[in-house]
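# Descriptive analysis of the structure
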Amino acid sequence: SAIILGFAVTSISQVSAKTGFGVEDLIKRIVDEIPPPVDTNDPRLKLFLVNSWFLRDKGVACLFQVKSGEIKKGITITSCASVKSYQVFEVGILNP
């Protein structure tokens, strides 16, 4: 079969975010073909900083992806890159 960008044409999903065509099938493929994250049972907090911005009334707000562990209001987190520590004042969940 033909190859496009290194993928077999038959393995490429036809999807339109505008019309919704093929979205349900794509979600099923994602669930079936992409393995879930590995559970390491690592209790240490590991975060990935996705974005940050400044709020006039609260200061710096950060969007993290939690890789392992648990983040709670009142704890102190330390950046591996800068070795600076920060206090967690508020925690929320961002849903798409």
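Everything quoted here is computed from the prediction, not taken from an experiment.

### Details of unusual backbone geometry
Here Val83, not a glycine, exhibits a phi torsion of approximately 60 degrees, which is positive. Mapping Val83 onto the fold places it in the loop between β5 (76–78) and β6 (85–87).

### Details of the layout of surface pockets
By volume, the largest pocket is sized at about 1,300 Å³. Along its surface, the largest pocket is lined by 31 residues, and Cys62, Leu63, Phe64, Ile71 and Ile77 are the ones closest to its centre. Secondary-structure elements contributing two or more residues to the lining of the largest pocket are β3 (46–55), β4 (59–68), β5 and β6. Take the lining of the largest pocket: its biggest share by element is 7 residues, from β4. Its residues assigned to classes, the lining of the largest pocket comprises 22 nonpolar, 6 polar and 3 charged.

### Thoughts on the pairing of β4
In summary, the side chains of a regular strand alternate between the two faces of the sheet. In this structure, β3 lies alongside β4, joined through 9 bridges in antiparallel fashion. Within β4, the residue paired with Ser52 across the bridge is Cys62. In this antiparallel pair of consecutive strands, β3 and β4, the connection spans 3 residues.

### Brief notes about the pattern of salt bridges
Enumeration over the complete set of coordinates arrives at 4 salt bridges. When the shortest N-O distance is used, the salt bridge between Lys28 and Glu24 registers 3.7 Å. Residue Lys28 and its partner Glu24 are both found in helix α1 (residues 23–33); the two are separated by 4 residues, about one turn of the helix. When its relative accessible area of 45% is taken as the criterion, Lys28 is described as partly exposed. Lys72 is the salt-bridge partner of Glu70, the closest N and O atoms lying 3.7 Å from each other. Under the relative-accessibility criterion, Lys72 is labelled partly exposed at 45%.

### Regarding the environment of Tyr86
Among the structural elements, Tyr86 can be located in strand β6. Accessibility expressed as a relative area gives 43% for Tyr86, which makes it partly exposed. Residues Tyr86 and Pro43, spaced 43 residues apart in sequence, show a C-alpha to C-alpha distance of 19 Å. If we skip the residues at most four places from it in the chain, Tyr86 touches Ile75, Thr76, Ile77 and Ser79.

Quick notes on the rules
All chains use their own residue numbering, which begins from 1 and follows the written sequence. Residues qualify for local features only when their pLDDT is at least 70, as the model is predicted, and side-chain atom pairs are given and counted only at 80 or more; totals for whole chains, interfaces and linings, by contrast, use all residues. The basis for every side-chain value is the complete set of non-hydrogen atoms in the structure, without hydrogens or water. Secondary structure elements are defined from DSSP: runs of H or I of at least 4 residues count as helices, runs of E of at least 2 residues count as strands, and each element is numbered from the N terminus. In this analysis, the protein atoms alone were mapped onto a 1 Å grid. Cavities are point sets where a 1.4 Å probe fits without being able to get out; pockets are open sets with protein on both sides within 12 Å along at least five of seven lines; lining residues have an atom within 4 Å of a point. Grid points are joined across faces, edges and corners, and a volume is the space filled by probe spheres set on the points. Gly is put with the polar residues, along with every residue not named as nonpolar or charged; the nonpolar set is Ala, Val, Leu, Ile, Met, Phe, Trp, Tyr, Cys and Pro, and the charged set is Asp, Glu, Lys and Arg. Note: two strands are recorded as paired if DSSP finds a minimum of 2 bridges between them. The salt bridge criterion pairs a side-chain nitrogen of Lys or Arg with a carboxyl oxygen of Asp or Glu, the two atoms within 4 Å. Note on classification: 1.4 Å probe, protein chains only; a residue is buried when its accessible area is under 20% of the maximum for its type, exposed when over 50%, partly exposed between these limits. By definition, residues are in contact when any of their heavy atoms lie within 4.5 Å.

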